Amino acid sequence: AKFLCVKAVVFFCFWQELFLQLVLALGAVPETEQFSSRHLVGAIQEWLICFEMFVIAICFTLAYPVEEIIELKTLNAKADDSSYGTFKEKANVV
């Protein structure tokens, strides 16, 4: 799941940009008085990226639960304590 979350960000951004540039090249996006077709495609792409990042953020919270990080910090703290105690005993530090 972690690998897919990271790959989804790159995959969706790349292919959506490619698709939108193709749509722009085909002339399927009309120009308005206020905006050129390039500006409209850019705005659509930015909106899609915002929406995708919201969905990906939810997926990231499921793929990378906080409990894993807390568990790792606890294990690292225990390892640091035990290695310090061993060093203290070996160095005869009082």
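Calculation notes
Residues numbered from 1 in each chain as written. Predicted model: local features only at pLDDT ≥ 70, side-chain atom pairs only at ≥ 80, totals over all residues. Heavy atoms only, no water. Helix = DSSP H or I, 4+ residues; strand = E, 2+ residues; numbered from the N terminus. Buried < 20%, exposed > 50% of the residue type's maximum accessible area, 1.4 Å probe, protein only. Areas by Shrake-Rupley, 256 points an atom, 1.4 Å probe, with all protein chains shown as cover. Core = buried A, V, L, I, M, F, W, Y, C linked by side-chain atoms within 4.5 Å. Contact = heavy atoms within 4.5 Å. Expected span 1.5 Å × (residues − 1). Bend = angle between axes of the 7 residues up to and from the residue.

(A) Structural detail: the overall build of the protein chain. Along the backbone of the protein chain there are three helices and zero strands. Starting at the N terminus and walking to the C terminus, you meet the elements of the protein chain as α-α-α. Scored against the burial criterion, the 94 residues of the protein chain give a buried share of 14%. If you sum the accessible surface of the protein chain, you get close to 7900 Å²; carbon and sulfur atoms cover 70% of it.

(B) Summary view of the nonpolar core. Counting five residues, the largest nonpolar core consists of Leu20, Val23, Leu24, Val29 and Val41. Looking at this core element by element, the count peaks at three residues for helix 1 (residues 2–26). Ignoring any residue separated from it by four or fewer positions in sequence, one finds valine 29 in contact with Val23, Ser37, Leu40 and Val41.

(C) Seen up close, helix 1. Taking 1.5 Å as the rise per residue, helix 1 with 25 residues should run 36 Å; its terminal C-alpha atoms sit 36 Å apart, in good agreement. Along its length, helix 1 reaches its greatest deviation from straightness, about 25°, at alanine 8. Just beyond helix 1, the residue with positive phi is glycine 27, at close to 80°.

(D) Region of the structure containing the side chain of serine 37. Mapped onto the fold, serine 37 is located in helix 2 (residues 37–63). Assessed through its relative accessible area of 12%, serine 37 is described here as buried. Not counting the four nearest positions on each side in its chain, serine 37 is found in contact with Leu24, Val29, Pro30 and Glu31.

So far we have only geometry, and geometry alone does not tell us how the molecule works.
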